[in-house]
Amino acid sequence: MSAGTYTPRPGAAPLPRMIAAQSALETRMLLRNGEQLLLTVIIPTLLLVLFSAVDIVDTGAGASVDFLAPGILALAVMSTAFTGQAIATGFERRYGVLKRLGASPLPRWALMTAKTLSVLVTEVLQIVLLAVIALALGWSPQGNPLWVLLLLVLGTAAFSGLGLLMAGTLKAEATLAAANLVFLLLLVGGGVIVPLDRFPDAVRSALELLPVSALSEGLRDVLQHGASMPWAEAGILAVWAVLGLGAAARFFRWE
């Protein structure tokens, strides 16, 4: 046995390993949370099955699932990147978890990177599950998967920025109430289930600027109509992403 074999080597682990470990922890915590599962999996699944099977809302010509599936995918992204992340981060901030993690060897930007990776992993699981269910219901997706991926990434960035901004500026209880209220309002008025052309023109023009409307309409253009990249909707999502992430970086409070 050579000298120094068991000599302690104090110091932080390599940064990629710390980010990977934190990402895995964040993902496990999210998937074990019953409220988060309700938002991210159960509600989107029930809405997809219910409105595809029962003719409640007039979705226009064609199968209802072809209209609904892109909107439900947009809802899944919003539920994870915005609602779920805002609530979880808000209570972590209240209980001092973020403050303690911020004092650890893991840099604060790396912590936010880990949270983002956790959101992406959860979204992949959501999208796979919802796509399988939609295909079983008769969904016939069209278009280029690359455009779909780009829209989902832009949507994730936009909703993540808004979720972190809310979690980092409001009290936890206020974040809980506001995030759930926004989720319900955008579910009804964001073109997820009810087509935007059912609203008055003045209201529709405002609703089209919302990130969930841009994401659902953009995904619908590609997946339902086989269109090329919807740059107008992508531009709206990019603006929301820049504004949300920029404001979150500027105003986020760790305590």
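Now for a look at the structure at hand. A quick note: this is a predicted structure, and the numbers were derived from the prediction, not measured.

So, the pattern of salt bridges
Inference 1: According to the stated counting rule, one finds five salt bridges in the structure shown.
Inference 2: The salt bridge partner of Asp197 is Arg198, with a shortest N-O separation of 2.6 Å.
Inference 3: By relative accessible area, Asp197 is classed as partly exposed at 46%.
Inference 4: The salt bridge involving Arg220 is made with Glu217; its shortest N-O contact spans 2.8 Å.

A few points about the packing of aromatic side chains
Inference 1: On inspection of all chains with the given rule, the structure shows two aromatic pairs.
Inference 2: Between Phe91 and Tyr95 the ring centres are 6.1 Å apart and the planes differ by 35°, which places this aromatic pair in the tilted class.
Inference 3: Look at Tyr95 and you get exposed, because its relative accessible area is 55%.
Inference 4: Here Trp147 and Trp231 contribute two aromatic rings whose centre-to-centre distance is 6.2 Å and whose plane-to-plane angle is 65°, an arrangement assigned as edge-to-face. Taken together, the residues Trp147 in helix H6 (residues 145-169) and Trp231 in helix H10 (residues 231-251) connect sequence positions 84 residues apart.
Inference 5: Take Trp231: its relative accessible area is 58%, and that puts it in the exposed class.
Inference 6: The ring of Phe67 has Arg220 lying over it, and the distance from NZ or CZ to the ring centre is 3.8 Å.

A few points about the environment of Val57
Inference 1: Summarising the element assignment, Val57 is placed in the loop between helix H2 (34-53) and helix H3 (64-94).
Inference 2: Looking at Val57, the relative accessible area reads 19%, which means it is buried.
Inference 3: If sequence neighbours within four positions are ignored, Val57 has contacts with Phe51, Ile193, Val194 and Pro195.

Scoring rules and cut-offs
Residues numbered from 1 in each chain as written. Predicted model: local features only at pLDDT ≥ 70, side-chain atom pairs only at ≥ 80, totals over all residues. Heavy atoms only, no water. Salt bridge = Lys/Arg side-chain N within 4 Å of Asp/Glu carboxyl O. Buried < 20%, exposed > 50% of the residue type's maximum accessible area, 1.4 Å probe, protein only. Phe/Tyr/Trp six-rings, centres within 6.5 Å; stacked < 30°, edge-to-face > 60°. Helix = DSSP H or I, 4+ residues; strand = E, 2+ residues; numbered from the N terminus. Lys NZ or Arg CZ within 6 Å of the ring centre and 35° of its normal. Contact = heavy atoms within 4.5 Å.

Spatial relationships are all this shows, so hold off on functional conclusions.
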